[in-house]
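# An overview of the molecular structure
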Amino acid sequence: MVYTKKEDYTISNIYQGGYSSLDPNKGYGNIFSGYGVTASSLGLTTDPRNANFLQEVSSKLSTGVKQIEVEGISPEIFESVPKQHLKEINRLSKLTGIDVSVHGPIVEPSGVTQQGFSEANRESAERQMNLAVERSHEINPDGSSPVTFHSSVILPGEIKPKGQKEVKEILIIDPETNNIKRIPITQKKFPGEEEVNVKKEIDRINEESWRSALTHLAYNTERAGQYIGDSHYLQIAKEAEEKQGKKAPEELKRSTTLFNVGTAFLQDSYREFKELYNIAYKNAENSDKKIIEKLGEDIREKVEKINKDPKSYTSIAMRKQIVEDGLDTLNKLNYIPQTFKPLNEFAKDRTTTTFANIALNSYKKFKDKAPIISIENPPAGGAFSTGEELRQIIEDSRKKFIEAAKKEGISEGEARKQSERLIGATLDVGHMNMLRKYGYEEKDIVKESEKLKPLLKHIHLSDNFGFEHTELPMGMGNVPIKEIMKKLGKEGYDVKKIIEAGNWWQHFKTAPVQETLEGFGSPMYSALGAPYWNQVPGFHQGYYSGLGLTLPQINYQTFGGGFSQLPTELGGQQQGAQGSRMSGKAME
């Protein structure tokens, strides 16, 4: 700082003074967040790149933290950890008195991939997450430790930039065909057309898709009828048989070709109709449902006859009749089947099914000692990354857990109690802060975080500047941690808070514990009084002054840090020369 005025030359500008326990909120340095938490509520993660969890936990113990989270975010690395190591970590935690939580592998719980949706993929992800929960129980078999999973991994979010009424584009999916489409939501400029919104656009696409499918079915059916009719196959074949093969071979050959082409078109039509019938049946409601069921009864009678002689001309004609009657019925329905759905709406349903199943499986195996399924908000921009979206994921997962548990014979009251105990939220404050890139302000970030207050099981601490997914110790970015923690209240103060500072480890090569303690102004001693870690910079002025070092290093080199190097008359082992070296008596 450059002082330009006489009044700038004050003692407060020249000498900042020592710390004051009377006002711990005025700490030194520029990373103090203004919100204090106890050091015992803070924990460290292991290196997510290292499968040697045992070594990682042992090394992190030297920092003095009482909570360690083993990070198995890579499925391959997590499955590289021997089961003996997990049991040894349990013994180590008992010996040292630490708590161990787990960050489970990052897998997509919805079953949606870049290629589309597959129920087989969802079930595979569920099995992988079940394995992680069961292995986590080996680390802490006597208690309910949180196992964190991301609410989504690959799905893009649909966050509206602040001040914008609609998202600019939306992804939709047809689960029957795995077809995913990206729909830009643009303003209509043609005179007389209404403004576009998401619902109207999806309705339009569903109607166009349904009408197009019916038109294609009608075209194939008509072509089948033309080829089969033009072939006169039965008549020509009968005449040839009566004349004992005297019918012109080329005429019979042409008839057979036309007939085969017609049956090929009919096979396509029959297949298409079965798919459309299934779609209509799944989506039908009220009176339309009854119409579809009546059509199904008529079809069943014809199919039973077809199955007796599927290659006969009568069976072929009956298939054609089934398609034509069915097409007529489908065209008269009062609704348009909603085959295309918003991707995230569909993924939400599948995701909550996965989390409910995992929690129920955990409860059935471990009862009251089952690990907690704690669902984390991914970096803002991914699916279900806002507080409101994650709240809905957790509440819907709990509802599905209750319904599934009731089918297992568990009472509704007990199922509800266990759903609230076993399924909750891991709030990552750094991920939430990335809403800034969508124009969200500090108050908006605090508000979204507060929505998770009644669901909170765990907190991940990482600071950033709101645009990139960087991880720094708290107080080094612009995460409004003081305001967030105040809104979370007792729920936020009580839960374990894990320091995730991967970029600090990467670039500065030191443990982020002291910086986090300073950022939070945590008390230095278990009595929870002064001094506080945010006052550490002020301590140095107790050892330094304008006259130089008060305790020169030579004192420690001469006498050591303990008592053994003191003269014997002072209780040490060092022999004095002509008396004590501490007496000031001249040596001969």
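Described below are features of the structure shown in this document. This one's a predicted model, so the numbers in the text were calculated from it and none came from an experiment.

### Description of the packing of helix α2 (residues 53-61) against helix α4 (residues 83-96)
Taken N-terminus to C-terminus, the directions of α2 and α4 make an angle of 20°; their axes are 9 Å apart at the nearest point. Comparing the axis directions of α2 and α4 gives the class roughly parallel. For α2 against α4, the interelement crossing comes out right-handed. Only His-85, Leu-86, Glu-88, Ile-89, Leu-92 and Thr-96 of α4 make contact with α2, whose side of the interface consists of Phe-53, Leu-54, Val-57, Ser-58 and Leu-61. Class assignment for the residues of the contact of α2 with α4 results in 7 nonpolar, 3 polar and 1 charged.

### Brief notes about unusual backbone geometry
Leaving glycine aside, a negative phi is the common case for residues, and trans is the common case for peptide bonds. If you check the backbone angles, Phe-384 has positive phi at about 60° while not being a glycine. Looking at the secondary structure, you find Phe-384 in the loop between β10 (372-376) and α12 (387-407).

### Some points on the side chain of Ser-110
In this structure, Ser-110 sits in the loop between β3 (99-103) and β4 (112-113). A polar atom in the side chain of Ser-110 sits 2.8 Å from the side chain of Glu-108. A distance of 3.2 Å separates a polar atom in the side chain of Ser-110 from the backbone nitrogen of Val-112. Apart from residues no more than four positions distant in its own chain, Ser-110 is found in contact with Phe-117, Arg-122, Leu-155, Ala-347, Arg-350 and Thr-351.

### Considering the pairing of strand β8 (residues 179-184)
Inspection of the sheet shows strand β7 (residues 169-174) paired to β8 by 6 bridges, in the antiparallel sense. Considered in β8, the bridge of Ile-173 is made with Ile-180.

### Focus: the sheet that holds β8
Strand order in the open sheet formed by 3 strands is β8-β7-β9, and the pairing between neighbours is antiparallel. For this open sheet the edge positions go to β8 and β9 (341-342), each flanked by a neighbour on one side alone. Looking at chain direction, β7 and β9 are connected through 2 bridges and run antiparallel. Looking at the pairing, Ile-172 lines up with Pro-342 of β9. Running over the sheet, helix α6 (residues 198-231) touches β7, β8 and β9 and is turned about 35° from β7.

The rules behind these values
Residues numbered from 1 in each chain as written. Predicted model: local features only at pLDDT ≥ 70, side-chain atom pairs only at ≥ 80, totals over all residues. Heavy atoms only, no water. Axes fitted to C-alpha atoms, helices over the stretch in contact; angles between N-to-C directions. Helix = DSSP H or I, 4+ residues; strand = E, 2+ residues; numbered from the N terminus. Parallel < 35°, antiparallel > 145°, perpendicular 65-115°, else oblique. Left-handed = near helix turned anticlockwise from the far one by under 90°. Contact = heavy atoms within 4.5 Å. Nonpolar A, V, L, I, M, F, W, Y, C, P; charged D, E, K, R; others polar. Polar contact = N/O pair within 3.5 Å; in protein donor to acceptor, adjacent residues only side chain to side chain. Pairing = 2+ DSSP bridges.

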